[in-house]
Structures are given as C-alpha cells and as structure tokens.
Amino acid sequence: MKALVYHEYGSPDVLQLRDVEMPVPRSNELRIRMRAASLNPADLYLMRGSPYMLRFKIGLKRPKNNGVGLDFAGVVDAVGDGVTSLRVGDEVFGQISDFSTGRTRALAEYLCVGAALAVKKPQGIGFAEIASIPLAGSTALFAVRDYGQVTSGQHVLINGAGGGVGVHAVQLAKHFGATVTAVCSEAKRSLMQEIGADHVIDYRKQDFTAGSTRYDTIIDTVSSQSLRRCRQVLVPQGRFVWVGGTGKTHWFGPLRLALNVLAMPLFDRRHRWILASKAPTAEDLATLAGLLEQGAFRPVIDRRYPLADAADAIRHLEKGHACGKIVVEI
C-alpha cells in the first residue's frame with residue numbers, strides 16, 4: 001500500500017510517499033480503508049521532532065513511528081479477534097491517541113487502530129468533513145464546554161478563531177448561548193460572521209487586551225498576547241483556557257507557554273487559569289458527531305489535497321495561515 005513516511009526529523013522535504021507493507025489487525029484492532037485524514041500542528045511537532053523534549057517519547061535520533069497523520073476517516077476493511085462493536089463495511093472516524101507507537105498513521109491507504117479509537121460516521125456527512133473533526137473539534141469542545149464552562153449570556157473571546165480549533169470553538173460557544181468575539185486576520189472576517197461570531201477583531205489592527213470589553217472566558221489558541229495583558233480583560237473569576245501557541249525555543253517549544261499558564265494561579269487568584277490537555281475518548285467523538293448532526297456546528301475545510309500531494313499539504317499547514325482544516329483525501 002502507499003503511505004506518507006519519514007525516517008529522519010526535519011522539514012516537509014523529509015516526507016516521502018512510499019510502498020509499505022499492508023498492516024494486519026491484531027487482537028481488538030480494526031483495519032480501515034482510508035478515505036480522508038486531516039492535519040494538525042501536532043503533525044509538525046512529530047515530523048520535526050521539536051520541541052526536543054518530545055524526542056524522549058517519539059525517538060531520540062529518529063522517529064519510532066514513520067507515519068504521518070492522527071485524524072482519520074474510512075471504511076472498516078478487517079477486524080481482529082475480540083472486536084464486537086464494529087464490523088467490516090462500517091464507516092468510521094477517529095483519532096490516533098498514542099503519538100509514539102503504532103505501525104502506520106492516517107496518511108496511508110490503510111490504517112490499523114484499536115477498535116476503541118473508532119466511532120461510526122454519521123450518515124450524510126462526507127469522509128473529508130468528518131475527518132476534519134476529531135482532534136481540533138474535541139479540543140474546542142473541551143475548551144468551551146468543560147474548561148471554559150461557557151453558558152448562555154456570557155461573553156467569550158477566542159484568540160486564533162480562524163484556525164482548526166478556533167473555527168470549532170466559535171461555533172460551539174454560540175451553540176452554548178454565548179456572545180462571541182473572534183480574533184483573527186481581516187481575510188477571515190466573513191467566515192467568522194458566517195459561523196456565528198458576534199464581533200470580529202483584526203489582530204493586525206487592534207489589540208484585544210487594550211479594549212474596554214471584559215470577557216467571562218478567553219480561549220487562546222495562539223498565545224499572541226502575554227498572560228498579564230489577557231488578565232486585564234477578564235471579569236473577576238473569569239476563565240483563561242490555554243489551547244496552544246508557538247514556542248520560541250527548540251528544547252521546550254509550547255511547553256514553556258503551558259508551564260506559564262500552570263504557574264499563574266500562584267500570582268493571580270482573581271481568575272481561573274486552565275490548561276486544555278484532555279485526550280478525546282470515543283464517547284467525546286460520538287458527542288461531536290451528534291452535535292454535527294444537530295447542526296450545532298459545521299466543518300470548515302481550508303483546502304483538500306490528494307495523498308500524492310500530502311507533503312504539499314504539510315507545507316501549507318506549516319505556513320500557519322489556513323482558514324479551518326486541511327484535509328488529505330485518499
């Protein structure tokens with residue numbers, strides 16, 4: 001079968017589409033005939049082996065797992081012993097949860113995963129659309145519902161609203177009844193309005209931390225402002241939910257930013273500082289599928305690529321300007 005692989009850490013130039021051995025499902029595993037996969041910043045960290053601290057888990061000198069891609073959607077092709085929840089022919093989607101192990105990843109013609117990681121695809125939703133949901137959608141769900149505890153009448157700001165997590169977070173916050181302010185580039189304004197944002201701030205022209213509006217919850221996906229400035233626009237007992245950001249050091253990368261958030265309660269007890277770090281379960285993915293069917297949100301796909309051009313899809317992801325999700329169709 002064809003699969004996108006890499007055998008050394010580096011830029012997208014290390015990626016190669018190669019013929020590899022067809023995986024055989026083990027006990028409690030499924031083999032999925034892949035139809036679509038979506039990309040996430042985690043794919044870049046794994047490909048580059050950066051921050052370097054990550055290599056203690058994924059391989060010090062070279063990657064333990066040579067595959068690429070964590071979000072998947074496809075059709076069950078074979079089942080291993082002990083699998084009773086799904087059968088051959090079922091259309092499924094999900095997310096690979098262990099970054100370091102496994103024999104293949106999602107950018108391949110076939111994928112073997114534990115049956116517990118796959119959920120039946122909703123009828124009427126395309127493979128590309130459902131593949132865009134797992135990691136970004138579940139992260140947004142946790143940030144809005146669980147960590148942000150967003151309820152009707154609150155005012156929520158989403159910094160980095162045009163990215164993969166952000167487009168889901170805007171829609172979910174509106175679903176839970178909040179007034180939503182989206183921070184993104186001007187080019188994404190019309191999309192933000194289409195998916196429900198009440199206010200849109202162009203980060204190039206306006207600093208949201210310098211405004212007069214106070215927010216019940218800030219969901220930060222890019223870490224473009226300091227925590228000190230963000231707390232100035234939180235209401236008392238307001239919540240700051242950190243989802244991600246680009247770190248400036250090769251050793252620690254975004255881990256340093258995460259540690260800053262964890263340390264904030266030592267200096268500021270007037271607000272809640274929360275690190276969004278939960279891993280999705282099959283139940284969480286089923287919840288997202290249900291919300292999708294209800295029309296609570298819709299997938300937002302920036303670009304679609306064939307598997308043969310998957311390395312170019314990674315290059316586009318690395319530029320950091322995608323509006324929504326990047327999907328590879330297989």
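Residues numbered from 1 in each chain as written. Predicted model: local features only at pLDDT ≥ 70, side-chain atom pairs only at ≥ 80, totals over all residues. Heavy atoms only, no water.

A. How the structure looks around the nonpolar core. By size, the foremost hydrophobic cluster in this structure holds 51 residues, and its most contacted members are Ile158, Val170, Met192, Ile219 and Phe297. Counting residues per element, the ones that place at least two in this core are β4 (71–79), α3 (127–131), α4 (134–147), β8 (155–159), α5 (164–175), β9 (179–184), α6 (189–194) and α9 (282–294). Ranked by residue count, the leading element in this core is α4, at 7 residues. When neighbours within four sequence positions are excluded, Val170 is seen to be in contact with Ile158, Ala161, Val180, Ala182, Met192, Ile195, Gly196 and Ala197. (Core = buried A, V, L, I, M, F, W, Y, C linked by side-chain atoms within 4.5 Å. Buried < 20%, exposed > 50% of the residue type's maximum accessible area, 1.4 Å probe, protein only. Helix = DSSP H or I, 4+ residues; strand = E, 2+ residues; numbered from the N terminus. Contact = heavy atoms within 4.5 Å.)

B. Fine view of the packing of aromatic side chains. Taken as a whole and judged by the stated rule, the model has 1 aromatic pair. For the pair Phe240 and Trp273, a centre-to-centre distance of 5.1 Å together with 40 degrees between the ring planes defines the contact as tilted. Within this pair, whereas Phe240 is found in strand β12 (residues 234–242), its partner Trp273 is found in strand β13 (residues 272–275), the two being separated by 33 residues in sequence. Comparing Phe240 with Trp273 shows no difference in burial state: the two are buried. Across the ring face of Tyr110, the terminal group of Arg33 is positioned such that the distance to the ring centre comes to 5.4 Å. Residue placement shows Lys121 over the ring face of Phe127; its charged tip is 5.0 Å from the ring centre. (Phe/Tyr/Trp six-rings, centres within 6.5 Å; stacked < 30°, edge-to-face > 60°. Lys NZ or Arg CZ within 6 Å of the ring centre and 35° of its normal.)

C. Expanded view of unusual backbone geometry. The amide bond that connects Ser50 to the next residue, Pro51, takes the cis arrangement and shows omega of 10 degrees. Relative to the helices and strands, Pro51 resides in the loop between α1 (41–48) and α2 (55–58). Non-glycine residue Asn28 carries a positive phi angle of around 65 degrees. Positionally, Asn28 belongs in the loop between β2 (16–19) and β3 (29–38). Even without a glycine there, the phi angle at Gln237 is positive, about 70 degrees.

D. Local environment of the pattern of salt bridges. Tallied over the full model, the rule gives 16 salt bridges. Salt-bridge contacts for Asp198 lead to Lys174; the nearest nitrogen and oxygen are separated by 3.2 Å. Here Lys174 lies in helix α5 and Asp198 lies in the loop between α6 and β10 (199–202), a separation of 24 residues in the sequence. The class of Asp198 is partly exposed, set by a relative accessible area of 37%. (Salt bridge = Lys/Arg side-chain N within 4 Å of Asp/Glu carboxyl O.)

E. The arrangement of the sheet that holds β8 in detail. With respect to topology, 6 strands assemble into an open sheet ordered β10-β9-β8-β11-β12-β13, the strand pairing being parallel. Pairing within the sheet leaves two strands with one partner each, and these edge strands are β10 and β13. In this sheet, neighbouring strand axes are inclined to one another by 15 degrees on average, regardless of whether the strands run parallel or antiparallel. Of the pairings in the sheet, the one linking strand β11 (residues 215–220) to β12 comprises 5 bridges and is parallel in character. Across the sheet, residue Thr217 finds its bridge partner in β12, namely Arg239. (Pairing = 2+ DSSP bridges. Axes fitted to C-alpha atoms, helices over the stretch in contact; angles between N-to-C directions.)

F. Representation of the side chain of Gln95 within the structure. Secondary-structure assignment places Gln95 in strand β5 (residues 91–95). Owing to a relative accessible area of 8%, Gln95 belongs among the buried residues under this scheme. Residue contacts for Gln95: discarding those within four places in its chain leaves Leu70, Asp71, Phe72, Leu117, Pro134, Leu135, Ser138, Pro280 and Leu285.

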